[in-house]
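Now for the letters of each chain:
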Amino acid sequence: MSLDFTTIIFLLFALMALQPLLMGRWFSMRRAQAIRAVEQANGSRVITMIHRQERRSLFGMSVARHIDLEDAQTIIAAIKETPADKPIDLILHTPGGIVLAAMQIARAVEAHPAKVTVYVPVYAMSGGTLIALAADEIVLGEFSVLGPIDPQIFGFPAASIVKARDSKPAESVFDLTFVLADVGEKALAQVKQGAVELLTPRIAQAEAEALAEQLAGGRWTHDYALTASEAQRLG
């Protein structure tokens, strides 16, 4: 049976359209197998939050993910479904995302009675680091990194906006800068307070406040890589 040119083109287009979906299904199966192996080896419940940039759409467009409220709903449900005496291994691979969602997940991690270990294979930046602070143990690979948790306002660091406002006389500052700095100050206070809340069950109040200031106060750029050795130095 011979195929005409139009049919061949149609079949090629169909294969191109289905390829991202088939690859996604294959990766999901491999991931599920790896998760079951870890659960059997550690006697734990494995929960993952993996934000990869993958080609999933009809035309293979790249889709990037961040921590959002859907993640919070899913992860919290998984934690609550885990028996109170069963340890959790939480695998994080994320660039960060919404602070509200990250704090919701972090509070659920902290509330789990059994041990919670956060594994960071490559990176857990920003909100991912905030979640990691709630764990009983953080495990980093040789080249894995965490990151600062300083809040961003419209893509600009809140601490830098406040600094820009304070560096000039009030009459030389635009009204918008005043507004953004006001929001920035609130965001900084909220993130620091959240970090202290998560840290104080394990370290003293003064140490928690000092660490929260280093992580959220604008000491580094938002994409600064905190390696395992530097994280240990910070405490």
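Reading guide: rules and limits
- Residues numbered from 1 in each chain as written.
- Predicted model: local features only at pLDDT ≥ 70, side-chain atom pairs only at ≥ 80, totals over all residues.
- Heavy atoms only, no water.
- Salt bridge = Lys/Arg side-chain N within 4 Å of Asp/Glu carboxyl O.
- Helix = DSSP H or I, 4+ residues; strand = E, 2+ residues; numbered from the N terminus.
- Buried < 20%, exposed > 50% of the residue type's maximum accessible area, 1.4 Å probe, protein only.
- Arc of directions from axis to C-beta.
- Contact = heavy atoms within 4.5 Å.
- Axes fitted to C-alpha atoms, helices over the stretch in contact; angles between N-to-C directions.
- Parallel < 35°, antiparallel > 145°, perpendicular 65-115°, else oblique.
- Nonpolar A, V, L, I, M, F, W, Y, C, P; charged D, E, K, R; others polar.
- Expected span 1.5 Å × (residues − 1).
- Pairing = 2+ DSSP bridges.
- Core = buried A, V, L, I, M, F, W, Y, C linked by side-chain atoms within 4.5 Å.
- pLDDT = per-residue confidence, 0-100.
- 1 Å grid on protein atoms, 1.4 Å probe; cavity = no way out; pocket = protein on both sides within 12 Å on 5 of 7 lines; lining within 4 Å.
- Points joined across faces, edges and corners; volume = space filled by probe spheres on them.

Engineer: So what exactly am I meant to see when it comes to the pattern of salt bridges here?
Structural biologist: One side chain can pair with another of opposite charge once the charged atoms of both are near each other. All told, the structure shown has six salt bridges when counted by the stated rule. Ionic pairing is found between glutamate 137 and lysine 115, a salt bridge with its closest N-O pair at 2.7 Å. With glutamate 137 in strand 7 (residues 137-140) and lysine 115 in the loop between helix 3 (99-111) and strand 5 (116-120), this residue pair connects regions lying 22 residues apart in the sequence. A relative accessible area of 43% means that lysine 115 is categorised as partly exposed. Arginine 165 is the partner of aspartate 166 in a salt bridge, and the nearest nitrogen-oxygen pair spans 2.8 Å. A relative accessible area of 15% means that arginine 165 is categorised as buried. Among the charged side chains, a salt-bridge network with shared partners connects Arg165, Asp166 and Glu185.

Engineer: I tried to follow helix 5 (residues 158-166) on my own but got confused; where do I start?
Structural biologist: Looking at helix 5, one finds that the buried residues are Ala158, Ala159, Ile161, Val162 and Arg165. What you see down the axis of helix 5 is that its buried residues fit within an arc of 160°, all on one side. At its buried positions, helix 5 is contacted by strand 9 (152-153), strand 10 (156-157) and helix 6 (175-199).

Engineer: Help me out: how do you make sense of the packing of helix 3 against helix 6 in this one?
Structural biologist: The axes of two packed helices give the description: the angle between them and the distance between them. Where helix 3 contacts helix 6, the two axes come as close as 11 Å, and the packing angle between them is 10°. Between helix 3 and helix 6, the angle falls in the class roughly parallel. Packed against helix 3, whose contacting residues are Val99, Met103, Ala106, Arg107 and Glu110, the element helix 6 presents Val191, Gly194, Glu197 and Leu198 at the interface. Of the residues belonging to the contact of helix 3 with helix 6, the class tally is five nonpolar, one polar and three charged.

Engineer: Is there a simple way to explain helix 6 in this structure?
Structural biologist: Given 3.6 residues to a turn, an α-helix orients residues that are three or four positions apart in the same direction. The end-to-end C-alpha distance of helix 6 is 36 Å, a good match for the 36 Å that 25 residues give at a rise of 1.5 Å each. Taken together, the buried positions of helix 6 are Leu180, Ala181, Gly184, Ala187, Leu188, Val191, Gly194, Ala195, Val196, Leu198 and Leu199. Buried residues in helix 6 make contact with helix 3, helix 4 (127-132), strand 9, helix 5 and helix 7 (205-216).

Engineer: Can you walk me through the sheet that holds strand 4 (residues 88-93) in this structure?
Structural biologist: Think of a sheet as strands paired side by side through backbone hydrogen bonds, with each pair either parallel or antiparallel. Reading across from one edge, 1-4-5-7 is the order of the four strands in this open sheet, with parallel pairing throughout. In this open sheet, the two edge strands, each paired with only one partner strand, are strand 1 (45-50) and strand 7. Sheet twist, expressed as the average angle between the axes of neighbouring strands with direction ignored, equals 20°. Pairing analysis gives six bridges linking strand 1 to strand 4, with the strands arranged parallel. When the bridges of strand 4 are listed, isoleucine 50 appears paired with histidine 93. Against the sheet, helix 2 (residues 69-81) contacts strand 1 and strand 4, and its axis sits at roughly 175° relative to strand 1.

Engineer: So what exactly am I meant to see when it comes to the nonpolar core here?
Structural biologist: Nonpolar side chains tend toward joint burial in soluble globular proteins. One finds Leu90, Ile105, Val109, Leu130, Ile131, Ile149 and Leu215 to be the most contacted residues of the largest nonpolar core, which totals 42 residues. Secondary-structure elements contributing two or more residues to this core are strand 1, helix 2, strand 4, helix 3, strand 5, helix 4, helix 6 and helix 7. If one sorts the elements of this core by residue count, helix 3 sits on top with seven residues. Here isoleucine 105 is in contact with Met49, Ile67, Asp71, Ala72, Ile75, Ile76 and Ile131, once residues within four sequence places are set aside. Counting residues in hydrophobic clusters, the runner-up holds nine residues, among them Ile153, Ala159, Ile161 and Ala181.

Engineer: Would you take a moment to explain unusual backbone geometry for this structure?
Structural biologist: With glycine set apart, most residues show a phi of negative sign, and most peptide bonds adopt trans. Phi is positive for serine 126, which is not a glycine, with a value near 50°. Residue class for serine 126 comes out buried when judged on its relative accessible area of 12%.

Engineer: So what exactly am I meant to see when it comes to the confidence of the model for the protein chain here?
Structural biologist: Low-pLDDT stretches of the model should not have their predicted coordinates read in fine detail. On average, residues of the protein chain score 88 in pLDDT, and 89% of them are at 70 or above. Here residues 55-63 is modelled with pLDDT under 50, and outside its nearest four sequence neighbours on either side it reaches 19 contacts, counting other chains as well.

Engineer: Even after reading the chapter, I still don't get the layout of surface pockets, so can you show me in this structure?
Structural biologist: One water molecule sets the probe size; rolling that probe over the atoms shows where empty space is left. Empty space within the second largest pocket amounts to approximately 300 Å³. If you trace the second largest pocket, you find 20 residues lining it, with Val99, Leu100, Leu130, Pro151 and Val191 closest to the centre. Those elements that place two or more of their residues in the lining of the second largest pocket are helix 3, helix 4, strand 9 and helix 6. With six residues, the top contributor of residues to the lining of the second largest pocket is helix 6. For the lining of the second largest pocket, a count of residues per class yields nine nonpolar, eight polar and three charged.

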